[in-house]
Amino acid sequence: MNDTLERWGSKRAFILAMTGAAVGLGNIWRFPYIAGENGGAAFLLLYIAFVLLLGIPVMMAEILIGRGGRQSPVRSLATLARASQASPRWRYLGLFGALTVFCILSFYSVVSGWSIEFLVASINGTFEGQSPQAIGAGFEAFLANPWLLVFNHSLFLFITMTVVAAGVAKGLERLNNFLMPLLYLLLLVLAGYGASTDGFGPALGWLFLPSFEAITPTVVFHAMGHAFFTLAVGACALMAYGAYMPEEQSLTRAAFAVALLDICVALLAGIAIFSVVFAQGLDPTQGPGLMFVTLPIAFAELPFGSLWLSGFFLLLLLATWTSAINLAEPMVATLTGMGWRRSISTAAVAVSVWLLGVLAALSFSTLGEFRPLWGRNVFELLSSIPPDVFLPLGGLLIAIFAAWVLPESQAVESLGAGSRGYRLWRATLRYISIPLTLVVLVGGVLALG
Ligand code: PHE
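Presented here is a report on the structure given in the accompanying data block. Keep in mind the model is a prediction, meaning the values are calculated, not measured.

Glancing now at the overall build of the protein chain. Along the protein chain, the regular secondary structure elements total 18 helices and zero strands. Against the 2.2 N^0.38 benchmark of 22 Å for 449 residues, the protein chain shows a C-alpha radius of gyration of 21 Å, consistent with a compact globule. In terms of overall dimensions, the protein chain has C-alpha extents of about 65 × 50 × 45 Å along its principal axes. Across the 449 residues that make up the protein chain, the buried fraction comes to 57%.

A few words on the packing of helix α10 (residues 217–231) against helix α18 (residues 418–448). One way to put it is that α10 packs onto α18 with a least axis distance of 9 Å and a crossing angle of 120°. The pairing of α10 with α18 is recorded here as oblique in orientation. In this structure, α10 crosses over α18, and the sense of that crossing is left-handed. In this structure, α10 contributes Val-220, Phe-221, Met-224 and Phe-228 to the contact, and α18 contributes Thr-437, Val-440, Leu-441, Gly-444 and Val-445. When grouped by side-chain class, the residues that make up the contact of α10 with α18 number seven nonpolar, two polar and no charged.

Here the focus is the pattern of salt bridges. Scanning all chains against the criterion turns up six salt bridges. Of the charged contacts, one joins Arg-423 and Glu-408 as a salt bridge, the two residues approaching to 2.8 Å between their closest N and O atoms. Taken together, the residues Arg-423 in helix α18 and Glu-408 in helix α17 (residues 408–415) connect sequence positions 15 residues apart. A residue is classified by how much of its surface remains accessible, and Glu-408, at 25% relative accessible area, is partly exposed.

Rules and cut-offs
- Residues numbered from 1 in each chain as written.
- Predicted model: local features only at pLDDT ≥ 70, side-chain atom pairs only at ≥ 80, totals over all residues.
- Heavy atoms only, no water.
- Helix = DSSP H or I, 4+ residues; strand = E, 2+ residues; numbered from the N terminus.
- Rg over C-alpha atoms; globule rule 2.2 N^0.38 Å.
- Buried < 20%, exposed > 50% of the residue type's maximum accessible area, 1.4 Å probe, protein only.
- Axes fitted to C-alpha atoms, helices over the stretch in contact; angles between N-to-C directions.
- Parallel < 35°, antiparallel > 145°, perpendicular 65-115°, else oblique.
- Left-handed = near helix turned anticlockwise from the far one by under 90°.
- Contact = heavy atoms within 4.5 Å.
- Nonpolar A, V, L, I, M, F, W, Y, C, P; charged D, E, K, R; others polar.
- Salt bridge = Lys/Arg side-chain N within 4 Å of Asp/Glu carboxyl O.

Right, here's the structure in full:
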């Protein structure tokens, strides 16, 4: 990113761009499987609470810093720190954000590769007439094939980095804005289909009636990580967006709108997926394959199932594509900010993310028993530690910077909610978001060991 003061054409364009970063695999793939592993309704309740208490206020802080600095994350942090007479070291927070998105993109690309495989399979009508057991077994066989996983990961990363290198992300974003409502519509159809199955009642109970014994410290920890992940908060990725936010737009309203839409998409996906899980007697705790084995089953029951399924995977890929571009962009911006050429920066990011992604992809076969930390293999580490630890840690530092370091005069203006609104938001950060994140993070990290 350069330092020119280009602004988003309109308020709507800004919200849509933020939604493009927020809505992705986190809502449709990650939410159902993590909720499944963490007690369903108990997880959902905590996750929504964390979105309200931490996600939204910290998202506002992150955008506010970008809006105040109007430069790339590292430079915005440096400029604001200087203006606040704080340590210039705050800029390292931008580098930490780049490290976080690096780890996230590596497994994100692998899972997006699974969507490519499923898109091709559904176009070929592979799932037609298959039993749920056969679909499950097919997925297992696919995961066990290292070549296929690496191939699809490479393909996805290639199309992502090509867009980044060509600098045509804006054009893709426009296409995305135009097509995302279709994805929501398809999810609505699927949830509607779910309502017609025997699994609907149990699915609603599982998602919305929490049993309080299910709330364990681990569930709390995962719910917090997921709140950050799904909103794309804590990696300084949204900071870059703030730099382009129109002057007159309300930050509060934008943050609430994005969070609401994000939760709705996750809920629709959850209802659709868990209806199938309960109707077919599948295991809700089965892990990362949950979406991939349930949706082909659901679509198989609908007329023109393969056509719907192909449309779904195509739209999902588009959603993950834009999220992946948003994940790659801050890393490229950091390198170009250090004086590297854009083409070289993009190539360096592509190669290193690819290598780490290959390790993640091989975790389902060859490297399955390579468990370097906490008994987890590379895929398990990458898909849990950056969302559960790095994002909350980044978010915590962003919140501290915005609520304790930035002087009121500077922040009030960037927040644009008047001084009473500012005080309320700052108090929420100071006395709720920051202590809560700290406690859950420390507790969660101690429990890892
Ligand atoms: N929020 C994105 C999703 O739900 C993932 C993401 C995380 C994107 C962090 C950017 C930064 O898929």
